[in-house]
Amino acid sequence: MRILVMSGPNLQLLGTREPERYGSVTLEEVHARLVALGAELGVGVDCIQTNHEGVLLDKIASARGHYSGIVINAGAWTHTSIAVRDALLGVAIPFVEVHLSNVAAREPFRHSSYLSDVAAGVVFGFGAESYALGLRGLVARLT
């Protein structure tokens, strides 16, 4: 089994961007931890980050037949992109939406997600650990 972990815009700045909100762990560290956790869980994990919505959409489209599930932190696209939602629905691969911060305690525009109602699960508010919790939950659901 292989899981695709996807991170959207500005997440390459983890570790330096608003560390009081997002923590000091870098995205590279998050990815390394997820690959190690995947090995513990008996699944392969591939991680990508992009600031380009079309790249994210292309990767989702090519995921069918290669991945059993997706863990996605779509960043700002969570609140704005019908295209990301449609792509995830189109490939029909179970996915978990994750966010580092507690989006329910943030600005009102962040309270709305185009992904949550079609996701297998949603994890937010646990910093970098949100990714690991999402991966664990997704693997549990798939096995």
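Shown above is the structure to which this text applies.
Predicted model only: the values in this text are computed from it and were never measured. (Residues numbered from 1 in each chain as written. Predicted model: local features only at pLDDT ≥ 70, side-chain atom pairs only at ≥ 80, totals over all residues. Heavy atoms only, no water.)

Colleague: Tell me about the overall build of the protein chain, and name the residues and values.
Modeller: Within the protein chain, the regular secondary structure consists of five helices and five strands. Element order for the protein chain, N to C, with α for helix and β for strand: β-α-α-β-α-β-α-β-β-α. Since a compact globule built from 143 residues should have a radius of gyration of about 15 Å, the 14 Å found for the protein chain is in line with a globular shape. With the C-alpha coordinates aligned to their principal axes, the bounding extent of the protein chain is approximately 35 × 30 × 25 Å. Every one of the 143 residues in the protein chain was classed for burial, and the buried ones make up 46%. Taking the intrachain contacts of the protein chain between residues at least 6 apart in sequence as the baseline, contacts between residues at least 24 apart amount to 77%. If you sum the accessible surface of the protein chain, you get close to 6,700 Å²; carbon and sulfur atoms cover 54% of it. (Helix = DSSP H or I, 4+ residues; strand = E, 2+ residues; numbered from the N terminus. Rg over C-alpha atoms; globule rule 2.2 N^0.38 Å. Buried < 20%, exposed > 50% of the residue type's maximum accessible area, 1.4 Å probe, protein only. Contact = heavy atoms within 4.5 Å. Areas by Shrake-Rupley, 256 points an atom, 1.4 Å probe, with all protein chains shown as cover.)

Colleague: Residue-level account of the packing of helix 3 (residues 53-61) against helix 4 (residues 82-91), with values.
Modeller: It is the contact of helix 3 with helix 4, at a shortest axis distance of 9 Å, that shows an interaxial angle of 10 degrees. Between helix 3 and helix 4, the crossing angle belongs to the class labelled roughly parallel. Facing Glu53, Leu56, Leu57, Ile60 and Ala61 of helix 3, the residues of helix 4 in contact are Ala83, Val84, Ala87, Leu88 and Val91. For the contact of helix 3 with helix 4, the per-class residue count stands at nine nonpolar, no polar and one charged. (Axes fitted to C-alpha atoms, helices over the stretch in contact; angles between N-to-C directions. Parallel < 35°, antiparallel > 145°, perpendicular 65-115°, else oblique. Nonpolar A, V, L, I, M, F, W, Y, C, P; charged D, E, K, R; others polar.)

Colleague: Can you lay out the pattern of salt bridges for me, pointing to particular residues and giving the numbers?
Modeller: Evaluation of the coordinates by the stated rule reveals two salt bridges. Notably, a salt bridge pairs Asp46 with Arg2, separated by 2.7 Å at the nearest N-O pair. Here the residue Asp46 occupies a position in strand 2 (residues 44-49), and Arg2 occupies one in strand 1 (residues 2-7), the gap between them amounting to 44 residues. On the basis of relative accessible area, Asp46 is assigned to the partly exposed category, the value being 24%. According to the relative accessible area criterion, Arg2 is partly exposed, its value standing at 36%. (Salt bridge = Lys/Arg side-chain N within 4 Å of Asp/Glu carboxyl O.)

In short, the description is geometric, and any link to function would need to be established separately.
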